[in-house]
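Listed here are the chains, written in short residue letters.
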Amino acid sequence: MENNTIPLAILIAVLLVITTIIFEWPCYMKRRKLPPGPTGIPIFGCLPQMLLNKPTFRWIHSVMDNMNTEIACIRLGGVHVIPVTSPELAREFLKKQDSTFASRPDCMSGRLSSNGYLTAVLTPMGDQWKKMRKVLATNILSPAKHNWLHDKRMEEADNLIRYVYNQCKNSLEAGGLVNVRIAAQQYCGNVIRRLIFNKKHFGNGKEDGGPGPEEVEHVAALFTILTYIYGFSIADYIPWLEIFDFDDHKEILKKAIANITKYHDPEIDDRIQMWGKGMIAMEEDILDVLINLKDSKGAPLLTIEEIKALIVEIMLATVDNPSNAIEWALAEMINQPEILKRALEELEIVVGRDRLVQESDLTYLKYVKACAKETFRIHPIAPFNVPHVSMEDATVGGYFIPKGSHVLLSRPGLGRNPRIWEEPLKFKPERHLKDDCSDVVLTDSDLRMLSFSTGRRGCAGVLLGSTMTTMLFARLIHGFSWNAPPDVPNIDLTESEGDLLLAKPLLALAKPRLSEHVYQQLGN
Ligand code: HEM
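Predicted, not measured: the structure shown is a model, and the values here were computed from it. (Residues numbered from 1 in each chain as written. Predicted model: local features only at pLDDT ≥ 70, side-chain atom pairs only at ≥ 80, totals over all residues. Heavy atoms only, no water.)

Observations concerning the coordination of the iron atom of the ligand
Geometry sets the ideal angles at a metal, namely 109.5 degrees for four tetrahedral donors and 90 or 180 degrees for six octahedral donors.
And step 1. Among protein atoms, the single one acting as a donor to the iron atom of the ligand is Cys 459 (SG), 2.3 Å away.
And step 2. Looking at where Cys 459 falls in the secondary structure, it is placed in the loop between helix H17 (411-415) and helix H18 (462-479). (Donors = N, O, S within 2.8 Å, 3.2 Å for Na, K, Ca; no water. Helix = DSSP H or I, 4+ residues; strand = E, 2+ residues; numbered from the N terminus.)

Printed below as a string of structure tokens:
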């Protein structure tokens, strides 16, 4: 009798479990409903579709458009990738549930670019991120340090004018034609090299103030890394395929990183030695500050490797957004001269024609800042924000977001969302002016567009980034009049297919518009 009861009890228990699973599973699945998205295959998920539909960011956006959704789930290898174009959901991720979504991916491109997560932007949540973010916020990017570095920024703002002025003069046969992309990218590279290493050039530069081959290589390598970080590499989603490097992303990244560190490392090593030998007595730039930081016991706070990795990251954070925005802004405004005219009227009142724009003017340049902000909205440099990784399972907008998901806020998706913005594709700076005439800032903490983002992982360099963007823009349009090249009725505003840059670098006619003595003071 006893012998029969035990198997029967087991049978009943098994049946109960099976019945529970059968009846409860749909409810469970409903509770854990993922955002809509294409079906993938085992192990690889949607990686095959991704590889067949380059560029990936356009494929992801077209999948979302076809499904008519502002949030999706696309499984790439073992990772749930969650693209988002809705500001309401973006706020849920980065404001309401910020602490859950405050990590970064652990993947090949992030690991290589941060030298094994020694930095701030690319490092997953943890003590190293906290340490490096604090170093940046307190010791490098604070308002006090910003003031301390003022003269160096101005030196490069003057060099920008000198360079463009020389381009106007030297390219007389081309009628003053200027490659705005080169001018803007090199200004950003020059400013950050000046702030960090107290020098504009790694080599000798060029006579006209332009970049030498070293600076061209340096800035190009920074842009290459920016293209390939989180650039939808196979190895970022299936780590065991990293050794095969099927898409060459690893090789390209390693080469670009080597092209940067070959300039940085000797500078950093020399400077550390000079401090060690007592050959320097006063801090002059960011590198000095980083070398001299101390922990609570008076020992160096940062290792040499941490200093080197952080400097690469600061360079990366600085070069792309301001230069891309201002190239697009100028292109849009050459095609809409009434907007350019209004910006110039403001500059005429605030600055006049007898001097150059100074940082103290920037607060008053509301329309100029509205133009820059409009460019961040409509022409962001990157299709997605830096990925935010969920540190635990969560529910957002009624959807299940599994731990480890990569949340990708779409920058064009938010900024061009027709539900949020009237005439979303029209360049209309007025939309950012406030009725009460209060200051215009380039940030948008409501995430109706994504410039500097918000929350724990929001940009730590808003002050420097806003200053550089506005100064670059204001100096260019105040210092020169800009027109389309002869025989070109309008600037071609076509976006590049592979990224969000202007398809062809902006070539425009520049003519000095200030009193001659203003340029002569710069040593021209
Ligand atoms: C116009 C210029 C800039 C723009 C538009 C911009 C934008 C951004 C964005 C979108 C993020 C990602 C935020 C997120 O994950 O939600 C970010 C992160 C960051 N940015 Fe900027 N940035 C700019 C300039 C700078 C500069 C000059 C620095 C100075 C070094 C800087 C330092 C950082 C840091 C440290 C983070 C990472 C924060 C973290 O992960 O904890 N940025 N920035």
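Notes on the UniProt feature "binding site: heme" (unreviewed entry) in the protein
And step 1. According to UniProt, the feature "binding site: heme" (unreviewed entry) maps to Cys 459 in the numbering used here.
And step 2. The exposure class of Cys 459 is partly exposed, given its relative accessible area of 36%.
And step 3. Ignoring sequence-local partners within four residues, the contact set of Cys 459 consists of Arg 133 and Phe 452. (UniProt positions renumbered as here; feature names shortened; annotations may be inferred. Buried < 20%, exposed > 50% of the residue type's maximum accessible area, 1.4 Å probe, protein only. Contact = heavy atoms within 4.5 Å.)

Focus on the pairing of strand E7 (residues 406-409)
And step 1. Neither face of E7 is exposed, since His 406 and Leu 408 on one face and Val 407 and Leu 409 on the opposite face are all buried.
And step 2. By the bridge criterion, four bridges tie strand E2 (residues 79-84) to E7 in an arrangement that is parallel. Each residue of the ladder has a partner; that of Val 81, found in E7, is His 406.
And step 3. By the bridge criterion, two bridges tie strand E4 (residues 388-389) to E7 in an arrangement that is antiparallel. From the neighbouring strand, His 388 faces E7, where its bridge partner is Val 407. (Pairing = 2+ DSSP bridges.)

Focus on the site of the ligand
And step 1. If you check the shell around the ligand, you find 30 residues, and the closest are Trp 129, His 388, Ser 453, Arg 457 and Cys 459.
And step 2. Note that an oxygen atom of the ligand is positioned 2.7 Å from one of the side-chain N or O atoms of His 388.
And step 3. For the ligand, an oxygen atom lies 2.8 Å from a polar atom in the side chain of Arg 457.
And step 4. Where the shell around the ligand is concerned, the elements lending two or more residues are helix H6 (127-140), helix H14 (304-335) and H18.
And step 5. If you tally residues by element for the shell around the ligand, the top one is H14, at five residues.
And step 6. A class-by-class count of the residues in the shell around the ligand yields 16 nonpolar, 10 polar and four charged. (Near = heavy atom within 4 Å. Polar contact = N/O pair within 3.5 Å; in protein donor to acceptor, adjacent residues only side chain to side chain. Nonpolar A, V, L, I, M, F, W, Y, C, P; charged D, E, K, R; others polar.)

Quick word on the sheet that holds strand E8 (residues 480-483)
And step 1. Reading across the sheet, the three strands line up as E3-E9-E8 and stay open at both edges, with antiparallel pairing between neighbours. Each end of this open sheet is capped by a strand with a single partner; those strands are strand E3 (177-179) and E8. The mean inter-strand angle of the sheet, taken between neighbouring strand axes irrespective of direction, is 45°.
And step 2. Sheet analysis places E8 next to strand E9 (residues 507-512), joined by four bridges and oriented antiparallel. Bridging from a neighbouring strand, Asn 483 pairs with Leu 509 of E9.
And step 3. In the packing of helix H9 (residues 180-197) onto the sheet, contacts are made with E3, E8 and E9, and the angle to E3 comes to roughly 50°. (Axes fitted to C-alpha atoms, helices over the stretch in contact; angles between N-to-C directions.)

Considering a nonpolar patch on the surface
And step 1. A surface patch of nonpolar side chains, amounting to about 430 Å² of accessible area, comprises Ile 41, Ile 43, Phe 44 and Trp 240.
And step 2. Within the secondary structure, Phe 44 is located in the loop between helix H1 (2-31) and helix H2 (47-52). (Patch = residues over 30% accessible without salt bridge, like charges linked within 9 Å, V, L, I, M, F, W, Y side chains within 5 Å. Areas by Shrake-Rupley, 256 points an atom, 1.4 Å probe, with all protein chains shown as cover. Salt bridge = Lys/Arg side-chain N within 4 Å of Asp/Glu carboxyl O.)

Looking at the nonpolar core
And step 1. Formed by 112 residues in total, the largest nonpolar core has its most connected members in Val 164, Leu 290 and Trp 482.
And step 2. Counting residues per element, this core draws most heavily on H14, at 16 residues.
And step 3. Ranked by size, the runner-up nonpolar core spans 21 residues in total, among them Met 50, Trp 59, Met 64 and Ile 234. (Core = buried A, V, L, I, M, F, W, Y, C linked by side-chain atoms within 4.5 Å.)

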